[in-house]
Amino acid sequence: MGHPPLEFSDCYLDSPDFRETLKCYELELERTGKSLKELIKDGNSVITAIRGYSVALQKFSQTLSMFQFDFIGDSLTDDEINIAESFHEFAGLLQEVEHDRMMLVQNASDLLIKPLEKFRKEQIGVTKADEVLDKERVNFYESSVEYVYQIHQVQDRKKFDVVEPVLAFLHSVLTLNNLTVEMTRDFMPYKQELQLSLQNTRNHYESTSEEMEELMKRMKQPSQISKMHNLLPMEGYLYCQEKWALGMTWVKYYCKYHKEGRLMVMVPCEQKPTTKQGPTQLTLKSCFRRKTESIDKRFCFDVETNERNMPVTFQALSEGDRKMWMEAMDGKEPVMELNETGFKFVRKCINYIESKGNGSFLETLPTYPTNPGDVDLHSSDWDIKTITSALKFYLRSLSEPLMTYSLHRDLMCAAKSDNLDFRLSEIHSLAHKLPEKNREMLEMLIKHLVNVCSHSDENRMTPSNMAVIFGPTLLRAKEETVAAMLDIKFQNIVVEILIEDYKKIFSNMPEDSTAPPVPPPRITPRKRQPITISKRPPRVYPTLSHDNFQNTESNY
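Now for a quick tour of the structure. Along every chain, residues carry numbers that run from 1 in the direction the sequence is written. Thresholds applied to this predicted model are a pLDDT of at least 70 for local features of residues and 80 or more for the giving and counting of side-chain atom pairs; totals over whole chains, interfaces and linings are not thresholded and use all residues. Side-chain calculation: all heavy atoms of the structure are included, whereas hydrogens and water are not.

## Description of the sheet that holds strand E1 (residues 234–244)
Line of reasoning, step 1. Any two strands are treated as partners once DSSP identifies two or more bridges connecting them. Secondary structure counts use DSSP, requiring at least four H or I residues in a row for a helix and at least two E residues in a row for a strand, with both numbered from the N terminus. A barrel is described by the order of its strands in space; here six strands give the closed sequence E1-E2-E3-E4-E5-E6, paired in antiparallel fashion. Mean inter-strand twist for the sheet, computed between neighbouring axes without regard to direction, equals 50 degrees.
Line of reasoning, step 2. Pairing of strand E5 (residues 300–305) with strand E6 (residues 312–315), which is carried by four bridges, proceeds in the antiparallel orientation. Within the sheet, the bridge partner assigned to Phe 301 lies in E6 and is Phe 314. Here an angle of 0 to 180 degrees is reported between the N-to-C directions of two axes, which are lines fitted to C-alpha atoms, with helices fitted over the stretch in contact.

Dropping the structure here:
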């Protein structure tokens, strides 16, 4: 089992358990650094000592076989398992060719030594905690949050930053050895499979890294620090919209909100002359910012409570005041709804995209009309990139992800299963447990993605690449934590399966079973064994090289 994730929120508490866990990560980084130094030393021996090449290469292979990949989280993807076991495969191959004498590997220093040295110095070398741990408490939180973030980045990056130069070096060794041409040819399919695993893992890392960086930034905001300080209840003056005999009016209250218990206590500032009005207590359910165009007052927000059937509308004294009230109440921005208007909007987007070709998602978003279902997509103001971005924005802005919070845990367990048949059947079954509207929208969207992926030769949008784009959009955990961020790669796997097995999942009902099968634990043999030199799938790929290890650029 790997190390437990380090949560950013634990940085504020600075507990002994947090310090102990942090120490475990530091020891692991130190071990990794020492292992990298050993690899670099052995690599130099291979390059500089031709006479002792056989002995040096044998030692190098032994070092590879002993190299251990510790990981964060409770499961690895198939690609990560292939990467974790790749060093053992490399060691076996090197031992097999050790008896052959080879020429000095050209450019071996650029392929092997420099990337490993760069990773050791720029990634592991800069991740030091001596100064962080000696800081006073007032400065410790921000520094330790950044330090935890750096640790996670190094732990993830080493999966490909360490393996890629070794893979490239090993390829050069085999290519330049004219006595092992046949073995070089046999190595190529494995190399291509492993490069795909490396690229997939890199894509997962970059999508996870972006989400984790945003979480780190939010955790450093004053509102989050105040939340962990457990300050006194939020209080101040608010105007409340109330219905009186002569119509709607705004009444001024002095309000106090208790975060624990989510209780709002409202004391009227202007008492009625005939009766003395006591404080009103409301138990908060949710809080949303009121859209500016929906009301003639500024700085408003709506609160849903247990005591009233309709939302209660409050007006703050300023925009900053409203922001503080909403932060105290865990308020949210207005959300999109999965209704007929939403279906109409998504259909229009898909029809336009498929009529014009495949676009690409951009970070910049358009200015949306009040009713998105009535938007004229054929206006010159809308290009295909804006529309694809708007489609993703709508799905991301739903009050609940399309595949729901309630099924998220089951979907993650299915994606983490070793048994590929169970993985598919379970996701098939869970897709049919979605609410009818959610399943209808999901089927419409996945059908569109299948159509886009069918042109992958032109747009480079394979199911795997498409899943990286839509995984965090269609699935997400209810609470944002580091552990949830590490599950993004498994969210991507769910979407990839939905695309690859679209017809089976959406055209057929899942098999009825009174006792659903239990996924086998990690310790049992996997049905799909890792890629090995001796067991290579007969697949043909275009030639790749270490220089071409770059992110796939899509037209979608």
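## What to know about the nonpolar core
Line of reasoning, step 1. What we call a nonpolar core is a set of buried Ala, Val, Leu, Ile, Met, Phe, Trp, Tyr and Cys residues that are connected through their side-chain atoms within 4.5 Å. Buried residues are those whose accessible area, probed at 1.4 Å on protein chains only, stays under 20% of the maximum for their type, while exposed residues exceed 50% and partly exposed ones sit between those limits. Ranked by size, the top nonpolar core spans 58 residues in total, and within it Phe 8, Leu 39, Phe 60, Leu 64, Phe 87 and Phe 90 carry the most contacts.
Line of reasoning, step 2. Contributions of two or more residues to this core are made by helix H2 (16–48), helix H3 (53–66), helix H5 (86–97), helix H6 (108–124), helix H8 (137–161), helix H9 (163–176), helix H10 (181–219) and helix H20 (482–486).
Line of reasoning, step 3. Looking at which element gives the most residues to this core, the answer is H10, with 10 residues.
Line of reasoning, step 4. Sequence-distant contacts of Leu 39, that is, excluding residues within four places in its chain, are made with Phe 60, Thr 63, Leu 64, Phe 67, Phe 87 and Leu 116.
Line of reasoning, step 5. Among the nonpolar cores identified, the runner-up in size contains 52 residues, and Ile 387, Tyr 394, Val 452 and Leu 475 belong to it. In this description, contact between two residues means that some pair of their heavy atoms is separated by no more than 4.5 Å.

## Structural notes on the pairing of E1
Line of reasoning, step 1. Here E1 runs beside strand E2 (residues 247–258); their pairing, made up of 11 bridges, is antiparallel. Across the sheet, the residue bridging to Leu 238 is Tyr 253, located in E2.
Line of reasoning, step 2. Counted along the chain from E1 to the antiparallel partner E2, the turn is two residues long.
Line of reasoning, step 3. Bridge count between E1 and E6: two bridges; the pairing is antiparallel. Counted as the bridge partner of Cys 240 is Phe 314 from E6.

## Section: the pairing of strand E3 (residues 263–268)
Line of reasoning, step 1. Of the strand pairs in this sheet, E2 and E3 are connected by six bridges, and their pairing is antiparallel. Residue pairing for E3: Tyr 257 is matched across the bridge by Met 264.
Line of reasoning, step 2. Between E2 and E3, which pair antiparallel in sequence order, lie four residues; one of them, Gly 261, sits at a positive phi of approximately 95 degrees.
Line of reasoning, step 3. Bridge count between E3 and strand E4 (residues 280–289): four bridges; the pairing is antiparallel. Among the inter-strand pairings, Val 265 is bridged to a residue of E4, identified as Gln 281.

## Comments concerning the packing of aromatic side chains
Two descriptors summarise a pair of aromatic rings, namely the distance from one centre to the other and the angle between the planes of the rings.
Line of reasoning, step 1. Planes of paired rings set the category: under 30 degrees apart is stacked, over 60 is edge-to-face and the rest tilted, where pairs are Phe, Tyr or Trp rings (Trp by its six-membered ring) whose centres lie within 6.5 Å. Per the stated rule, a full pass over the model turns up nine aromatic pairs.
Line of reasoning, step 2. Here the aromatic rings of Phe 87 and Phe 90 are separated by 6.0 Å at their centres, their planes lie at 40 degrees, and the arrangement is tilted. With Phe 87 and Phe 90 both in helix H5 and three residues apart, the pair spans about one turn of that helix.
Line of reasoning, step 3. By relative accessible area, which is 0% here, Phe 87 ends up buried.
Line of reasoning, step 4. By relative accessible area, Phe 90 is classed as buried at 0%.
Line of reasoning, step 5. Measuring from centroid to centroid gives 5.9 Å for Phe 345 and Tyr 394, while their planes differ by 65 degrees, and the two rings are edge-to-face. Of this pair, Phe 345 sits in helix H13 (residues 340–356) while Tyr 394 sits in helix H14 (residues 384–396); the two residues are 49 residues apart in sequence, bridging distant segments of the chain. Judged on exposure class, the residue Phe 345 and its partner Tyr 394 are both buried.

## Structural notes on helix H19 (residues 463–474)
Line of reasoning, step 1. Among the 12 residues in H19, 12 count as buried, and that is most of the element.
Line of reasoning, step 2. Of all the positions in H19, only Pro 463, Ser 464, Asn 465, Met 466, Ala 467, Val 468, Ile 469, Phe 470, Gly 471, Pro 472, Thr 473 and Leu 474 are classed as buried.
Line of reasoning, step 3. Those residues of H19 that are buried lie in contact with H10, H14, helix H17 (436–453) and helix H21 (488–500).

## Overview of the environment of Ser 45
Line of reasoning, step 1. Within the secondary structure layout, Ser 45 lies in helix H2.
Line of reasoning, step 2. Sequence separation between Ser 45 and Ala 56 is 11 residues, and the spatial gap between their C-alpha atoms is 6.0 Å.

## A few points about the packing of H10 against H21
Line of reasoning, step 1. At a closest axis distance of 9 Å, the pairing of H10 and H21 adopts a crossing angle of 125 degrees. What the angle tells us is that H10 and H21 run oblique. Pair H10 / H21 crosses with right-handed handedness. Here His 204, Ser 207, Thr 208 and Glu 211 of H10 come into contact with H21, specifically with Ile 488, Lys 489 and Asn 492.
Line of reasoning, step 2. Only Asp, Glu, Lys and Arg are considered charged in this grouping, and only Ala, Val, Leu, Ile, Met, Phe, Trp, Tyr, Cys and Pro are considered nonpolar; every other residue, Gly among them, is considered polar. For the contact of H10 with H21, the per-class residue count stands at one nonpolar, four polar and two charged. By the definition adopted for this analysis, an angle is roughly parallel if under 35 degrees, roughly antiparallel if over 145, roughly perpendicular if from 65 to 115, and oblique otherwise. By convention, the crossing between two helices is left-handed when the near helix turns anticlockwise from the far helix through less than a right angle, and right-handed when the turn is clockwise.

## Re the packing of H5 against H10
Line of reasoning, step 1. Orientation of H5 relative to H10, taken along the N-to-C sense of each, is 175 degrees, at an axis distance of 13 Å. The orientation of H5 relative to H10 falls into the category roughly antiparallel. Contact with H5, carried on its side by Ser 86, Glu 89, Phe 90, Leu 93, Glu 96 and Val 97, involves Met 183, Phe 187, Tyr 190 and Leu 194 of H10 and no other residues of that element.
Line of reasoning, step 2. Residues belonging to the contact of H5 with H10 are distributed by class as follows: seven nonpolar, one polar and two charged.

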